[in-house]
Every structure is written in structure tokens, then in C-alpha cells.
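Structural features, examined
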Amino acid sequence: MFDSILLQLTAVLAVVLIAQQLYHRYLARKWACGDILKVDQDYFGIWQARKLFADRNDGVDLQEQRNRFNRYHTETFRETLIGRELYYTSNLENIKAIVNFQFNDFSIGYRYPAFKPLLGDGIFATEGHKWKVAKEVLRPQFVREQIRDLDHLEVHIKNMAAIINNTHGQVFDIQDLFLRLTLDASTDFLFGESVSSLTKSEYEMGKYTFESAFNKVQKYIFARSILQSLYWTYNPKDFRECLNVIHTFTDTFVQKALSLTPEELDAKSKKNYTFLYELVKITRHRKTVHDHLLNIMLAGRNTTSALISSLMLELARNPECYEKLKKDVFENFGDGSDLSCVTVESMKKCNYLRYCINEALRMYPSVPQNFRCAKTATTLPRGGGPDGQDKIFLKKGQAVFMSFYTLQRSELYYGKDANEFNPDRWATIKNPGAFMPFLSGPRICLGQQFAIAEASYTILRIAQMFPNIKSFETEYPPRISANATMKLRDGVMVSLS
Ligand code: HEM
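Residues numbered from 1 in each chain as written. Predicted model: local features only at pLDDT ≥ 70, side-chain atom pairs only at ≥ 80, totals over all residues. Heavy atoms only, no water.

**Details of the coordination of the iron atom of the ligand**
This is how it is decided: Water is absent from the atoms considered, so a metal site may look incomplete; donors are defined as N, O and S atoms within 2.8 Å of the metal, or 3.2 Å for Na, K and Ca. Only DSSP runs of H or I reaching four residues or more are called helices, and only runs of E reaching two or more are called strands; each is numbered from the N terminus.
Just one protein ligand coordinates the iron atom of the ligand, and it is Cys445 (SG) at 2.3 Å. In this fold, Cys445 is placed in the loop between α19 (411-414) and α20 (448-465).

**Overview of the nonpolar core**
What counts, and what does not: Nonpolar cores are built from buried Ala, Val, Leu, Ile, Met, Phe, Trp, Tyr and Cys residues. Side-chain atoms within 4.5 Å join them into one set. Each residue gets one of three labels from its accessible area relative to the maximum for its type: buried under 20%, exposed over 50%, partly exposed in between, using a 1.4 Å probe on protein chains only. In what follows, residue pairs with any heavy atoms lying within 4.5 Å of each other are defined as contacts.
If you look at the biggest cluster of nonpolar residues, it comprises 83 residues, and the most contacted ones within it are Ile174, Met312, Leu315, Leu325, Ile462 and Leu496. Ignoring sequence-local partners within four residues, the contact set of Met312 consists of Ile174, Phe178, Ile459, Ile462, Ile469, Val492 and Leu496. The next biggest cluster of nonpolar side chains, apart from the first, holds 46 residues, and it includes Ala114, Val217, Leu243 and Leu294.

**Topic: the site of the ligand**
Under the convention used in this document: For this description, a residue counts as near a given molecule or strand if any of its non-hydrogen atoms is within 4 Å of it. Each polar contact in these results corresponds to two N or O atoms within 3.5 Å; when the atoms are within protein, one needs to be able to donate a hydrogen and the other to accept it, and residues that are neighboring in sequence are counted only if both atoms are side-chain atoms.
The full set close to the ligand counts 26 residues, and Arg111, Trp131, Lys135, Asn370 and Cys445 are the nearest of them. Lys135 is positioned with one of its side-chain polar atoms (N or O) 2.7 Å from an oxygen atom of the ligand. Going through the elements one at a time, α6 (128-142), α14 (286-317), β5 (369-374) and α20 are the ones with two or more residues in the shell around the ligand. In terms of residues, the shell around the ligand owes the most to one element, α14, which gives six residues.

**Looking at the state of the cysteines**
For the record, the criterion: Any cysteine sulfur atom paired with another within 2.5 Å is treated as part of a disulfide.
If you walk through the whole model with that rule in mind, you get zero disulfides. For Cys373, which is in no disulfide, the shortest distance to another cysteine sulfur is to Cys33 and amounts to 18 Å.

**Focus on the environment of Cys373**
By secondary structure assignment, the location of Cys373 is in strand β5. Look at Cys373 and you get buried, because its relative accessible area is 7%. C-alpha separation for the pair Cys373 and Gly397, spaced 24 residues apart in sequence, amounts to 5.6 Å.

**Remarks on the pattern of salt bridges**
In plain terms, the rule: In the sections that follow, a salt bridge refers to a side-chain nitrogen of Lys or Arg positioned within 4 Å of a carboxyl oxygen of Asp or Glu.
On inspection of all chains with the given rule, the structure shows 31 salt bridges. Taking the shortest distance from any N to any O, the salt bridge between Glu85 and Lys38 comes out at 3.6 Å. Placement of Glu85 in strand β2 (residues 84-89) and of Lys38 in the loop between α1 (2-30) and α2 (46-58) is noted, with a sequence separation of 47 residues between them. In this structure, Glu331 and Lys327 form a salt bridge, with 3.3 Å as the shortest nitrogen-oxygen distance. Residue Glu331 and its partner Lys327 are both found in helix α15 (residues 319-333); the two are separated by four residues, about one turn of the helix. Accessibility expressed as a relative area gives 57% for Glu331, which makes it exposed. A relative accessible area of 55% places Lys327 in the exposed class. Beyond isolated ion pairs, a larger network of salt bridges with shared partners links Lys51, Asp55, Glu64 and Arg71.

**Observations concerning the packing of aromatic side chains**
Note the cut-off: The rule is short: rings of Phe, Tyr and Trp, with Trp giving its six-membered ring, pair when the centres are within 6.5 Å, and they are stacked under 30 degrees, edge-to-face over 60, tilted in between. Any Lys NZ or Arg CZ found within 6 Å of a ring centre and within 35 degrees of that ring's normal is scored as a charge over the ring.
One pass over the full model with this rule turns up 23 aromatic pairs. Measuring from ring centre to ring centre gives 5.6 Å for Phe210 and Phe214, while their planes differ by 25°; the resulting arrangement is stacked. Highlighted residues: Phe210 and Phe214, both in helix α10 (residues 210-226), separated by four residues, approximately one helical turn. Phe214 matches Phe210 in its accessibility class, with the two residues each being buried. Between Tyr220 and Phe239 the ring centres are 5.4 Å apart and the planes differ by 50°, which places this aromatic pair in the tilted class. Residue Tyr220 is found in helix α10, and its partner Phe239 is found in helix α11 (residues 237-258); the two are separated by 19 residues along the sequence. Residues Tyr220 and Phe239 agree in their burial class; the two are buried. Three or more aromatic residues joined by ring pairs form one cluster here, namely Phe69, Phe77, Tyr88, Phe371 and Phe401. The side chain of Arg317 reaches across the aromatic face of Tyr476, ending 3.4 Å from its centre. The aromatic ring of Tyr364 is capped on one face by Arg409, whose charged end is 5.2 Å from the ring centroid.

**A few points about the sheet that holds β2**
For clarity, the cut-off: In this analysis, strands are considered paired if DSSP registers two or more bridges between them. To define axes, lines are fitted to C-alpha atoms, for helices over the stretch in contact only, and angles between the resulting N-to-C directions are given on a 0 to 180 degree scale.
Overall, mixed pairing links the five strands, which are arranged β1-β2-β8-β5-β3 in an open sheet. In this open sheet, the two strands that pair with only one neighbour each are β1 (76-81) and β3 (106-107). With six bridges joining them, β1 and β2 adopt antiparallel strand pairing. The residue bridging Thr76 from the neighbouring strand is Thr89, located in β2. Helix-sheet contacts for helix α3 (residues 61-71) involve β1, β2, β5 and β8 (399-403), and the interaxial angle to β1 is about 120°. Here helix α4 (residues 92-101) sits on the sheet and contacts β1, β2, β3, β5 and β8; the angle it forms with β8, its principal contact strand, is near 120°.

**Remarks on the pairing of β1**
Among the six residues of β1, five are classified as buried, and the element is accordingly described as predominantly covered. Joining the antiparallel neighbours β1 and β2 is a turn of two residues, in which Ile82 adopts a positive phi near 45°.

**Remarks on α4**
Given 3.6 residues per turn, any residue in an α-helix points the same way as the ones three and four places further on. Of the residues making up α4, those classed as buried are Leu92, Asn94, Ile95, Ala97, Ile98 and Val99. The distance from a side-chain oxygen at the start of α4 to the backbone nitrogen of Glu93 is 2.9 Å, and the residue carrying that oxygen is Asn91.

Function cannot be read off these values alone, since they describe shape.
In C-alpha cells, the structure reads:
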């Protein structure tokens, strides 16, 4: 009896699957789609999954992915990974379609449930109505002049410079300092009080610092998002403990802000800009304020640190570029004895500085890859047929990885030296199409100008204070840890004096 029910269910399932397949084939033909190249076939994609995890551990997964696109002479391919078929694309038209022109055909997949324990209902993790509501609250904050307060940043730069001076020209990891700098600057700007990781010892900050908990949690949430529908299986004790540290820390500030009267809030706003106090003027819903703070922290801290770290890595390897940068900085802003001339607007006019920032964002996009899921059966413009010029078909639920790392190192757009650091290329690039470090379309980064100002200021101050730089990197290209954002796996070993 049981056997016959099982048999009947299997038969029904098989019929449904076959009917679905036929329907997809019919749609693909109707919409004039070609076949998408299938690569690295192995049974169920187990071997490929093992290789992917090994490459991730070695910090070479981004390079390997770029190699695969090159090896197969394609910009779009598919593979099976643990039984699930995934599409990969570095094709500009496809990426533009996903993030912009066909925005409504795609969702952010399992990002919401995977990230929810950290980000709640904030802008980075949500979509649809919740995302729109979050965006309405946050957008006005990012057009305000006060948000780009360089005086506040200078306080943290000075703390960092003191540490660099103490190295007395010896080698150190500047990425570690940049992570602390951006944490101190972000907590200052977001909470109105810095965690001062550049001035406190680890002992003073306790076993689990906000910093260490925040760093660890990002690895957990990214791993959860990779697991897709199985995200819930990955919820270890350490993850929960880190979350507890982060939420308790954040809550202390939120409660403090909520206890202020409107007059007290106004008085604080007049003194200087604090994201938290401005938010509390708009909403007094504790969880909403809490979620916004952590979303902006996640969106802004590691991304900016990744940008300045990778730029320093390249400047140290290319002393002639550092010389040019110093010349540009000294001509525009002098030796740093008078900082009143350094403004967001004046930094934009410092051409070589701008070229360097662009070049680092091109070669090392802080968000090197991104992922979307088809919400409905749809197509993408390229990747089909023998030459990849036909459309491709995507069934509902189809996952697509977009490799910005590969796109922005494409010889098609950047020529034979696409894989080399050459800031001068930006002198002639007027309208860079294949350059989307901040994404494009409705989900484009809200903090783009803020990030560029912070990164430019940090780099120009270093150029003013430390004329000599030397690289101590032993390996090139550097190994990269690519989670939701990227980090140079072995740090950035330099000496500055
Ligand atoms: C170099 C630095 C940065 C880079 C490369 C960068 C890049 C990005 C990218 C690629 C996205 C889209 C992610 C997605 O939804 O798939 C994004 C979103 C976002 N970024 Fe940035 N970001 C940077 C710095 C910042 C900073 C400093 C802030 C705020 C202080 C910020 C705030 C945001 C916000 C709020 C979103 C969500 C926008 C939305 O979903 O509508 N970002 N960023």
C-alpha cells in the first residue's frame, strides 16, 4: 500500500518536472534564446563545490573565477553546484539588465533571511515595500552637507598617524589600521561616540569587542547566504554570541538617544552631525533605528577600508604613482599645515587622487561579486548560442552571480593592461560603462560620495604626512577574502616614514 502511494507520488512528480522542462523549453524558443555554455561538469557538482571552497580558503576564488571566464572565452556560463544550477555572468549588458533595466525581474534571493539576525529589516537586507520605506528614511541623510564632516575624520586620522609614527619606518599591516580607522570613524558618525579602537588596547576593549564581533559576524552571514535555502542550518553558538555583543552595544546608544527630549536632540544636532540623533528625529521606533544603524555600519565600514587598503597596496608597489600622487596633493593642498583648503569639493579637483581612487575601485571592487535570483521566468540579453550573442532563458528562481571583479578587469573595456594598476588611464576615460563599484540602478550605493570623500581624505593625508612608502608584499596578485565585501587576506604590509 505504502509502496504504491510512493510510486504514484513519484510518477506525479516526474510528470510535473517534465511538463515544467517542456514549458521552459517552449518559452526559451518563443523568446529566441540560445543555449548557455555549461562548464566543469561533474556528478552533482560535488567536486566543483569542494574546489570552490578550497579556492575561497586560499583567497584565490575571484582570480579563479576570472580565469574560468577567460579559459572558456565566455562572459556567461552555467555550472551545477551541489545539485543546483547556477549562472555566472561578467557581461556588461546582462549585469545592467539585472541591476537596472530588468530590476523588477530579480530579487536578492536568500539575503534577507540569511542576514536578518544582524540587519533585521534594514535597507541592505530587504526588498519590496520594506526596502522602499528604509530608503525613504535614509536617502535624505546622504544628501546633507554635514554628513561629510572632514574635521571629525581628522581626529581619527591623527590617532592612526601616531601609530604609524611609532613604527619608526618598520613594516606593519596598514589594512589593520584602516579597519580600525573606518570603525572609529563610523561609530563616531553613526552613534555619536567612537569605539576608539585606534587608541585603546584590546585588553581595555574586552574579550569580544564590537570590532571582533562585527568582523566575525560578516563571515557567518555571508556563509549563510551561500547556503541559500539551507541558510538556517548554519547558526553556531559563536555567531549567536557575536550577535549578542553587537546588539547589546547598539541598543545602549539607541536607548540613550531615545531618552533625549526634542530640545536636547536639536542642541546636539547644532553641535555636529550624528546619524543616530537625526534618525531619532524621524522615527522613535527602537528596532527601526537599531536596524538602520547596523545596516549603514555594514554597508559603509569594510567597503571603505577595502578601497583604501587596496589603493595603498598598489601605491606601495608602484612608487612612481605615489610620487605623482604626492605632487598632485602638495600642489593642491600643501604639506598639511593648513587643512582649511581641503574640502569635499576641492578634493574632487585633485585629478590624480581621483584617478587613483577610481583605479583601486576598478581593480578591487569592495563588493567584488553580487548575486540575484529571477523572480519570474525571464531572459538576459547575452550568453546564448555558440558565440554567446543570443539571449538566455532564466526560469523562475534561477540564481545568477555577477562578477564585477571580472567585468572591471576585462581587456575588452580596459585594453591589454586591464590587469595592471594604471591610474593615468582615467585621464581619457570619460564615461566608463564597465565600471560599477557602487552598483547601478535602484539599489545603487547611497553612500558613494561619502565613501569617496572619506577615502580621498585618508589617502591625501597619508601622502602629506609620510613621503616615503615601501611595499613588503611577497605575493602578487594579492590573495583576497571575498565575503559580502572584500578584504586582502594577508593584509597590506608596508613601511611609511
Ligand atoms: C568604497 C566604498 C563603498 C562601496 C564600493 C560600496 C558599494 C555598494 C554596493 C555595490 C551596493 C549595492 C549592494 C546590493 O544591494 O547588492 C551598496 C549599497 C549601499 N551602500 Fe555602499 N559602498 C561603499 C560605501 C558606503 C558607505 C560609506 C555608505 C554609508 C555611509 C554606504 C551605504 C550604502 C547603502 C545604504 C546601500 C544600500 C542601498 C540600497 O539598497 O538602496 N556605502 N554599496
